[in-house]
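Structural characterization, general
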Amino acid sequence: SKDGVLVIRHLFGLTDESLVEDLSQSVIDSTLISVTINALDTKLDIDGNGTIDALTDGLLLYRYLDGQRGQSLITGVISADATRKSFDEIETYLNNLAG
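Before going into details, it helps to say that this report is about the structure given with it. Just so you know, these numbers come straight off a predicted model, no measurement behind them. (Residues numbered from 1 in each chain as written. Predicted model: local features only at pLDDT ≥ 70, side-chain atom pairs only at ≥ 80, totals over all residues. Heavy atoms only, no water.)

1. A short note on the environment of D81
- Of note, D81 is situated in the loop between α5 (71–74) and α6 (87–98).
- Spatially, the C-alpha atoms of D81 and T51 are 9.9 Å apart, while their sequence positions differ by 30 residues.
- Looking at D81, its side chain comes within polar contact range of the side chain of N49, at 3.1 Å. (Helix = DSSP H or I, 4+ residues; strand = E, 2+ residues; numbered from the N terminus. Polar contact = N/O pair within 3.5 Å; in protein donor to acceptor, adjacent residues only side chain to side chain.)

Given below as structure tokens:
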């Protein structure tokens, strides 16, 4: 999903044109997107380990927005120090975040 790609790119530090490159033919306001993602603040700590990371939290969000559920949602991307470790816990958290 475009939203998942945007969040992962943002978490990797991409801004301006590199944030929105190749995502749409229409004009996208990269500054507004960055402000919106920043407003989520600590809510993006999806696995609950106290750190927001593109390779864990970003991939969890991307997979969730892409429709992945169950074990495929979390395989290989949960931090060792996560407080939310099961797919049930992650799905519940993301359902509440989206709700």
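2. Thoughts on the environment of D57
- As for its position among the elements, D57 is in helix α4 (residues 54–65).
- A sequence separation of 12 residues divides D57 from D45, and the C-alpha atoms of the two residues are 6.0 Å apart.
- For D57, the contacting residues outside a window of four places in its chain are L44, D45, I46, D47, T51 and I52.
- Separated by 2.9 Å, the side chain of D57 and the backbone nitrogen of I46 make a polar contact. (Contact = heavy atoms within 4.5 Å.)

That's the geometry; what it means functionally is another story.
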